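Below are the chains, spelled out letter by letter.
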Amino acid sequence: MSKSLSEVDREVYGYIQNEIGRQRDTLGLIASENYTSKAVMEAVGSPLTNKYSEGYPGKRYYAGNEYIDKIEMLAIERAKKLFGTVHANVQCHAGAIANFSVLFSLMEFGEKFMGLELSQGGHLTHGSPVNFSGKLYKPVAYAVDKETEMLDYDEVKKRALEEKPKVIIAGYTAYPRQINFKSFREIADECGAYLLADISHFAGLVAGGALPPVSPYADVITTTTHKTLRGPRGAMALACRDEELGKKVDKAVFPGTQGGPLDHVIAGKAVAFHEALQPEFKEYAEQIIKNAKALADELMALGFRLVSGGTDTHLILINLTDKGITGKEAQIVCEEAGIILNRNTIPYDTKSPFITSGIRIGTPCLTTRGMKESEMKEVAGFIKRVIDNPQDAEVKKKVREEIKELCSNFPVY
Ligand SMILES: *Cc1c(COP(=O)(O)O)cnc(C)c1O
């Protein structure tokens, strides 16, 4: 019963050790990832995984939920405090299912909603034809301006008034700029739509006060908990000001779309929210943006074209069209050198989402490790050397060694 993993299963244990080494020795630049704390992992690895607790605190379908209730209530209270909302549902298993639950609570199947064009940074759940959102509802898209590569609120408004969607989604996976939620609120009010803010990517920046609060403007917020927020893999849905809407969201999560909650993950969320409420997290959130700006400035100084010419957040999108390399190739050669990032379409990309003309990078992981602006300069240099010499095995080997050395000064765990 109580044997350790290394005794029970050498294979899985071994691969976990390998993965820990990979996380330790490479530069994690994936904008949607982070390193959660040992405290969060302790909660997620706890015997809470054994419990069934369908329902909500005080209203469970199974016995034995005395302590589970307390933990979920802590997570709810902390989430509400962090984001300034009247309601929180912390049971959502993932960002995609949180969006499903919320759309399920706000619309009938077949109704129309609006989100950002997917190739410009929208998420699959914001209307992709292969996703439930595109199959069960009628998505219409707004686009970023071709010149500035930023949201044009007059265009969004025009589109919204023409289309009269029931829901407008704001919040993206690959948009480097701050979103003006006040403008989105005005647009939603004018066309009678709900405003859903999907802050999955930058929730930690909002929680830490490095970006302005969203709850004064949105009707509902959805967010993952594992990106900038630095919690366990999972998500939540928050009704900002309307408790009745919150009850509808709760019903849509359970019994609408999910069964029993992942109590161990909810405990991890409660711990992560506690961490995010501490003053150090405010510094962390601010440093993420300082690092992203430093990295962006250095990349531009080294001759890279950045989508929208910079960043206001944790995220940078590099346009590779003048570098003679695709996003797909860049991702592969960077990985060979120990730089972990992802290919990404850029606005009005002429290449397919599988190939792409861009790469997306972000600073949440490196900032968690304690890196600051001076290390960001080094990181930009590593990227430059590899992208300029994609076929040069010596360059990649040398960069990989230098990165390992840099990483050893900023341990993850
Ligand atoms: C990451 C993300 C999601 C999906 O989260 P999963 O946990 O991967 O399902 C949804 N919306 C946005 C904007 C995201 O960035």
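What this report covers is the structure whose coordinates are included nearby. (Residues numbered from 1 in each chain as written. Predicted model: local features only at pLDDT ≥ 70, side-chain atom pairs only at ≥ 80, totals over all residues. Heavy atoms only, no water.)

### A look at the overall build of the protein chain
Scanning the protein chain for helices and strands turns up 16 helices and 14 strands. For 413 residues, the compact-globule estimate of 2.2 N^0.38 gives 22 Å, and the C-alpha radius of gyration of the protein chain, at 21 Å, lies within 12% of that figure. Along the three orthogonal principal directions, the C-alpha set of the protein chain runs to about 60 × 60 × 40 Å. Looking at the protein chain as a whole, 56% of its 413 residues qualify as buried. Taking as baseline every contact in the protein chain between residues at least 6 positions apart, the subset at least 24 positions apart corresponds to 72%. In the structure as shown, the protein chain presents an accessible area of about 18000 Å², 53% of it carried by carbon and sulfur atoms. With 51 positive and 54 negative side-chain charges, the protein chain shows a separation of 1 Å between the mean positions of the two kinds. (Helix = DSSP H or I, 4+ residues; strand = E, 2+ residues; numbered from the N terminus. Rg over C-alpha atoms; globule rule 2.2 N^0.38 Å. Buried < 20%, exposed > 50% of the residue type's maximum accessible area, 1.4 Å probe, protein only. Contact = heavy atoms within 4.5 Å. Areas by Shrake-Rupley, 256 points an atom, 1.4 Å probe, with all protein chains shown as cover. Lys, Arg positive; Asp, Glu negative; His and termini not counted. Charge placed at Lys NZ, Arg CZ, Asp CG, Glu CD.)

### Here's the deal with the state of the cysteines
Each disulfide consists of one covalent bond between the sulfur atoms belonging to two cysteines. Going through the model one piece at a time under the given rule, you end up with zero disulfides. The structure places no disulfide on Cys-240, whose sulfur is separated from the nearest cysteine sulfur, that of Cys-92, by 14 Å. Between Cys-334, a cysteine without a disulfide, and Cys-407, which holds the nearest cysteine sulfur, the sulfur-to-sulfur distance is 14 Å. In this structure Cys-334 comes out as buried when scored by relative accessible area, which is 0%. (Disulfide = S-S within 2.5 Å.)

### Details of the sheet that holds strand β8 (residues 220–224)
The sheet built from six strands is open, its strands ordered β5-β4-β6-β7-β8-β9 with mixed pairing. A single partner strand is all that each edge strand has here, and the edge strands are β5 (138–142) and β9 (235–239). Averaged over all pairs of adjacent strands, the angle between their axes in this sheet comes to 20°, without regard to strand direction. Two strands pair when backbone bridges link them, and strand β4 (residues 112–116) and strand β6 (residues 167–170) are joined in this way by two bridges, in the parallel orientation. Its bridge partner being in β6, Met-114 is matched across the sheet by Ile-168. Packed onto the sheet, helix α10 (residues 243–257) meets β7 (194–198), β8 and β9 and runs at close to 150° relative to β9. (Pairing = 2+ DSSP bridges. Axes fitted to C-alpha atoms, helices over the stretch in contact; angles between N-to-C directions.)

### Overview of the packing of helix α15 (residues 373–388) against helix α16 (residues 393–408)
Two elements in contact, α15 and α16, have axes separated by 10 Å at closest approach and are oriented at 165°. By the angle between their directions, the pair α15 and α16 is classed as roughly antiparallel. Judged by the twist between their axes, the crossing of α15 over α16 is left-handed. The segment α15 lies against α16, with Glu-375, Glu-378, Phe-382, Arg-385 and Val-386 engaging Val-395, Lys-396, Lys-398, Val-399, Glu-402, Ile-403 and Leu-406. Tallied by class, residues from the contact of α15 with α16 come to six nonpolar, no polar and six charged. (Parallel < 35°, antiparallel > 145°, perpendicular 65-115°, else oblique. Left-handed = near helix turned anticlockwise from the far one by under 90°. Nonpolar A, V, L, I, M, F, W, Y, C, P; charged D, E, K, R; others polar.)

### A few points about the sheet that holds strand β10 (residues 305–306)
On the basis of which strands lie adjacent, the open sheet formed by four strands has the order β10-β11-β14-β13 and antiparallel pairing. Looking at which strands have only one partner, the edges of the open sheet turn out to be β10 and β13 (342–344). Examined bridge by bridge, β13 and strand β14 (residues 358–362) share three bridges and lie antiparallel to one another. Among the inter-strand pairings, Asn-342 is bridged to a residue of β14, identified as Arg-360.

### Quick notes on the site of the ligand
Neighbouring residues of the ligand: 13 residues in total, closest Gly-95, Ala-96, Asp-198, His-201 and Lys-227. Separating a nitrogen atom of the ligand from a side-chain N or O atom of Asp-198 is a distance of 2.6 Å. In this structure, Lys-227 approaches the ligand through a side-chain N or O atom, which is 2.8 Å from an oxygen atom. Burial of the ligand by the protein chains amounts to 85% of its free accessible area of 380 Å². Broken down by element, the residue count for the shell around the ligand peaks at three residues, all from helix α5 (residues 95–106). In the shell around the ligand, the residues fall into three nonpolar, eight polar and two charged. (Near = heavy atom within 4 Å. Polar contact = N/O pair within 3.5 Å; in protein donor to acceptor, adjacent residues only side chain to side chain.)

### Some points on the packing of helix α12 (residues 279–301) against α15
Axis separation between α12 and α15 bottoms out at 8 Å; the angle between their running directions is 40°. Between α12 and α15, the crossing angle belongs to the class labelled oblique. Crossing geometry of α12 relative to α15 is assigned as right-handed. Where α12 approaches α15, its residues Gln-287, Lys-290, Asn-291, Ala-294, Leu-295, Glu-298 and Leu-299 are matched on the opposing element by Glu-373, Met-376, Lys-377, Val-379, Ala-380 and Ile-383.

### Here we look at α16
Over its 16 residues, α16 runs 23 Å from end to end, which matches the ideal 22 Å to within 8%, given 1.5 Å per residue. Buried within α16 are the following residues: Val-395, Lys-396, Val-399, Ile-403, Leu-406 and Cys-407. Relative to the axis of α16, the buried residues are bounded by an arc of 100° and lie together on one face. Exposed residues pointing more than 90 degrees away from the buried face of α16 are listed as Ala-393, Glu-394 and Glu-405. Residue Asp-392 occupies the N-cap position of α16, its side-chain oxygen lying 3.0 Å from the main-chain nitrogen of Glu-394. (Expected span 1.5 Å × (residues − 1). Arc of directions from axis to C-beta.)

### Observations concerning the pairing of strand β11 (residues 315–319)
Among the five residues in β11, five count as buried, and that is most of the element. Side chains Leu-315, Leu-317 and Asn-319 project from β11 onto one buried face, and the interleaved Ile-316 and Ile-318 project onto a second face that is buried too. With two bridges joining them, β10 and β11 adopt antiparallel strand pairing. Paired with Leu-306 across the strands is Ile-318, a residue of β11.

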